[in-house]
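Next come the chains, spelled out residue by residue.
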Amino acid sequence: MKCQKCERPATFHITELEGGKHTELHLCEQHARQYLTQGEGEPGSAPTIAGALAQQLAVGQTAEELAQLDQRACPICGITFYEFRNQGRLGCPHDYVCFEKELEPLIANIHGETVHKGKKPKHGASGTQQRTELIRMRREMKEAIEKENYEKAKELRDQIKKIEATQE
Amino acid sequence: MELNDLTNTTGEWLRGSGPQADIVMSTRIRLARNLAEFPFISRASDQDRADIEKLLRDRVLKIREQSGELLYVNVSDLDRLDRQFLVERQLISREHAEAKGARGVAIGSGEQISLMINEEDHLRIQCLHSGLDVQGAWDQIDRIDDLISEQVNYAFHPRLGYLTACPTNVGTGVRVSVLMHLPALVLTRQIDKVFRSLQKISLAVRGLYGEGSQAMGDFYQISNQQTLGRSEKELVDQVTDVVPAIIHYEREARDFLIKESQQTLHDQVSRAYGILRTAQTISSEETMHLLSKVRMGINLGLIADLPMLKLNELFIRTQPAHLQKISGVELNTADRNIERARFLRRYLNREEDGNGGKN
Ligand SMILES: [Zn+2]
Ligand SMILES: [Zn+2]
């Protein structure tokens, strides 16, 4: 079999899941290397399956809907849906809750299922919400320090310490 | 145990003696886990990363009693060569080597276990076993995961399971991968048929190995795509069930080749062996390609004087970072190719100092 991009024999056979279907690539070594290293060195631009899929799924929406959706940000970590679409990586565990509606078709597309069937952590998943709050509080504390609002930063630091202490 | 000690050892997974080791090089399972109280890595501040690293290092090292000695390496402190060395040994991913900020890896003795902190997810647990041993690798990784989960709060959603930075890993966070050596299916041009049938049952195939895009002749990695909606046992069973079928096809193809064209095959294998023993300069790609042929030759009984373990060691030791660590100097590509050829000649011609610096 020949490389899809030149006359050399294809020694690399790569399967990619994209847009919910598999695509096969048959490439020579040089082109495989090129393909696999594309986007390297530019953080955030590396194509990920989730990112590519999120781009595709968004096509069905109107420009206006999309603009609105893209601007929505997670109250905990601050990531916008636009940022997720671009980098294919979520910002915090709460994103699965706050972007649930948008992520659902994406997850169904990737896995063909939407309900977990496997093991659960030994440590009960209780108090998840309080722990997630820590992410927001640490972010706000950092922002307060940047704005030189030390009063608020101190307040937040004390709250964080209190929560952390209850978890030990 | 120190990082440099690894130069003189061969990871347990390369010992070439696990079940079906003539065709299945290794079995790897990895788990993706995140802490509930920190943002995922893409949104983590430098301080967050440092806190995560400190917290997880502390918790991970506590499982030492049950999991044996663990070597902890601050990956952020390592130079390029040492990071590449760990990538070649499959102890960290290329992404982890090239990432920025606080991060580390805990390595179990025998190199079966590695726990990467601050990779794409806060914690990536990996178990690497020699040969086809999906169940064994799963039992080990499951135990480690339980031990750690007693000490931390994993990000977990009642309906979606373990939450991961990328939705492709959500649910179980389990990736089961089996690295297979399939030279006869390649030679008989049947490999594509195998690919197509695997895709139908949503298993992924990658004709790649180890160091990112480093070529490795005729090696294919088969892994599950789906991580949500199937239990860990189902994922383990899926791979366990399908691999023997591929082994069967590979064996049939080998029998066919031996019957139909033993002479050509023997010639190819002998030439490959000859080049490896006599070349004066050789690239890493060509080395992989030739080693693959020789490996098939050993399995088909065409080469009798080279044990599989020794051959397996060469796959690792001829990689760029390994060569440089063994020879003790940094080398450019051209010099590496000369050093690689020298190393191979000594190793394969059984000269006294040629056992890779073991003595
Ligand atoms: Zn090409
Ligand atoms: Zn978030």
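Quick caveat, the model's predicted, so the values are computed rather than measured.

Draft legend 1. Region of the structure containing the overall build of chain B. A tally of regular secondary structure across chain B gives 12 helices and 10 strands. In terms of overall dimensions, chain B is globule-like: its C-alpha atoms have a radius of gyration of 21 Å, near the 21 Å expected for 359 residues. By its C-alpha atoms, chain B is 65 × 45 × 35 Å across when sized along the principal axes. Relative to its 359 residues, chain B shows a buried fraction of 63%. Across chain B, every contact between residues at least 6 apart in sequence was considered, and the portion connecting residues at least 24 apart equals 71%. Within the structure as shown, chain B displays about 13200 Å² of accessible surface, and the carbon and sulfur contribution to it stands at 46%. Seen as two clouds, the 45 positive and the 50 negative side-chain charges of chain B have centres 4 Å apart.

Draft legend 2. Expanded view of the packing of aromatic side chains. The full count for this structure, using the stated rule, is six aromatic pairs over all chains. An angle of 80° between the planes, with centres 5.4 Å apart, marks the rings of Phe-219 of chain B and Phe-315 of chain B as edge-to-face. Pair noted here: Phe-219 of chain B is in strand S10 (residues 219-224) and Phe-315 of chain B is in helix H10 (residues 308-317), with a separation of 96 residues, a long-range link. Given the relative accessible area of 0%, Phe-315 of chain B is considered buried. Taking the centre distance of 5.6 Å and the plane angle of 40° together, the rings of Phe-343 of chain B and Tyr-347 of chain B count as tilted. With Phe-343 of chain B and Tyr-347 of chain B both in helix H12 (residues 333-348) and four residues apart, the pair spans about one turn of that helix. Grouping aromatic residues by their ring pairs yields a cluster made of Phe-81, Phe-84 and Phe-99 of chain A. Above the ring of Tyr-154 of chain B, the side-chain terminus of Arg-33 of chain B is found at 5.6 Å from the ring centroid. Just above the ring of Tyr-347 of chain B sits the side chain of Lys-310 of chain B; from NZ or CZ to the centre is 4.8 Å.

Draft legend 3. Molecular detail of the nonpolar core. Judged by nonpolar contacts, the single largest core of 90 residues is most densely connected at Leu-115, Leu-123, Ile-125, Ile-148, Met-180, Val-243 and Val-294 of chain B. It is helix H8 (residues 232-278) of chain B that provides the largest number of residues to this core, a total of 14 residues. Dropping the residues within four chain positions of it, Leu-123 of chain B is found in contact with Leu-31, Ala-32, Arg-33, Leu-56, Val-60, Leu-115, Met-116, Ile-117, Ile-148 and Tyr-154 of chain B. Grouped together as the second largest cluster of nonpolar side chains are 29 residues, Phe-99, Leu-106, Ile-107 and Ile-135 of chain A included.

Draft legend 4. Examining the coordination of the zinc ion (ligand 2) more closely. Residues and elements named next belong to chain A. The protein atoms that coordinate the zinc ion (ligand 2) are Cys-74 (SG), Cys-77 (SG), Cys-92 (SG) and Asp-95 (OD), at distances spanning 1.9 to 2.3 Å. All donors of the zinc ion (ligand 2) belong to a single chain; written as a sequence motif, their spacing is C-x2-C-x14-C-x2-D. Separated by 15 residues along the polypeptide, Cys-77 in the loop between helix H3 (63-71) and helix H4 (81-87) and Cys-92 in the loop between H4 and helix H5 (95-98) bring together distant segments of the chain. Cys-92 matches Cys-77 in its accessibility class, with the two residues each being buried.

Draft legend 5. How the structure looks around the pattern of salt bridges. Within the structure shown, the criterion is met by 32 salt bridges over all chains. Between Glu-234 of chain B and Lys-117 of chain A there is a salt bridge, with the nearest N and O atoms lying 3.1 Å from each other. Note that Glu-234 of chain B is positioned in helix H8 and Lys-117 of chain A in the loop between helix H6 (100-111) and helix H7 (128-146), a pairing that runs across two chains. Across the pair Lys-233 of chain B and Asp-237 of chain B runs a salt bridge whose closest N-O atoms are separated by 2.7 Å. Residue Lys-233 of chain B and its partner Asp-237 of chain B are both found in helix H8; the two are separated by four residues, about one turn of the helix. Its relative accessible area of 25% is what places Asp-237 of chain B among the partly exposed residues. A single network of salt bridges, built from pairs that share partners, joins Arg-89 of chain A together with Glu-119, Glu-120, Asp-121 and Arg-124 of chain B.

Draft legend 6. Spatial organisation of the pairing of strand S4 (residues 113-117) of chain B. All names here are of chain B. Buried residues dominate S4, accounting for five of its five residues. Because side chains alternate across S4, one face comprises the buried residues Ile-113, Leu-115 and Ile-117, and the other comprises Ser-114 and Met-116, equally buried. By the bridge criterion, four bridges tie strand S3 (residues 104-108) to S4 in an arrangement that is antiparallel. Paired with Ile-107 across the two strands is Ser-114, which belongs to S4. Counted between consecutive antiparallel strands, the loop separating S3 from S4 contains four residues, among which Gly-110 sits at a positive phi close to 85°.

Draft legend 7. The arrangement of the environment of Tyr-96 of chain A in detail. By the secondary structure assignment, Tyr-96 of chain A is in helix H5. Residues Tyr-96 of chain A and Cys-74 of chain A, spaced 22 residues apart in sequence, show a C-alpha to C-alpha distance of 9.7 Å. Aside from chain neighbours lying at most four places away, what touches Tyr-96 of chain A is Leu-90, Leu-103 and Ile-107 of chain A together with Phe-40, Leu-160, Leu-163, Thr-164, Cys-166, Pro-167 and Val-170 of chain B.

Reading guide: rules and limits
- Residues numbered from 1 in each chain as written.
- Chains lettered and ligands numbered in written order.
- Predicted model: local features only at pLDDT ≥ 70, side-chain atom pairs only at ≥ 80, totals over all residues.
- Heavy atoms only, no water.
- Helix = DSSP H or I, 4+ residues; strand = E, 2+ residues; numbered from the N terminus.
- Rg over C-alpha atoms; globule rule 2.2 N^0.38 Å.
- Buried < 20%, exposed > 50% of the residue type's maximum accessible area, 1.4 Å probe, protein only.
- Contact = heavy atoms within 4.5 Å.
- Areas by Shrake-Rupley, 256 points an atom, 1.4 Å probe, with all protein chains shown as cover.
- Lys, Arg positive; Asp, Glu negative; His and termini not counted.
- Charge placed at Lys NZ, Arg CZ, Asp CG, Glu CD.
- Phe/Tyr/Trp six-rings, centres within 6.5 Å; stacked < 30°, edge-to-face > 60°.
- Lys NZ or Arg CZ within 6 Å of the ring centre and 35° of its normal.
- Core = buried A, V, L, I, M, F, W, Y, C linked by side-chain atoms within 4.5 Å.
- Donors = N, O, S within 2.8 Å, 3.2 Å for Na, K, Ca; no water.
- Salt bridge = Lys/Arg side-chain N within 4 Å of Asp/Glu carboxyl O.
- Pairing = 2+ DSSP bridges.

Honestly, it's all geometry; don't read function into it.
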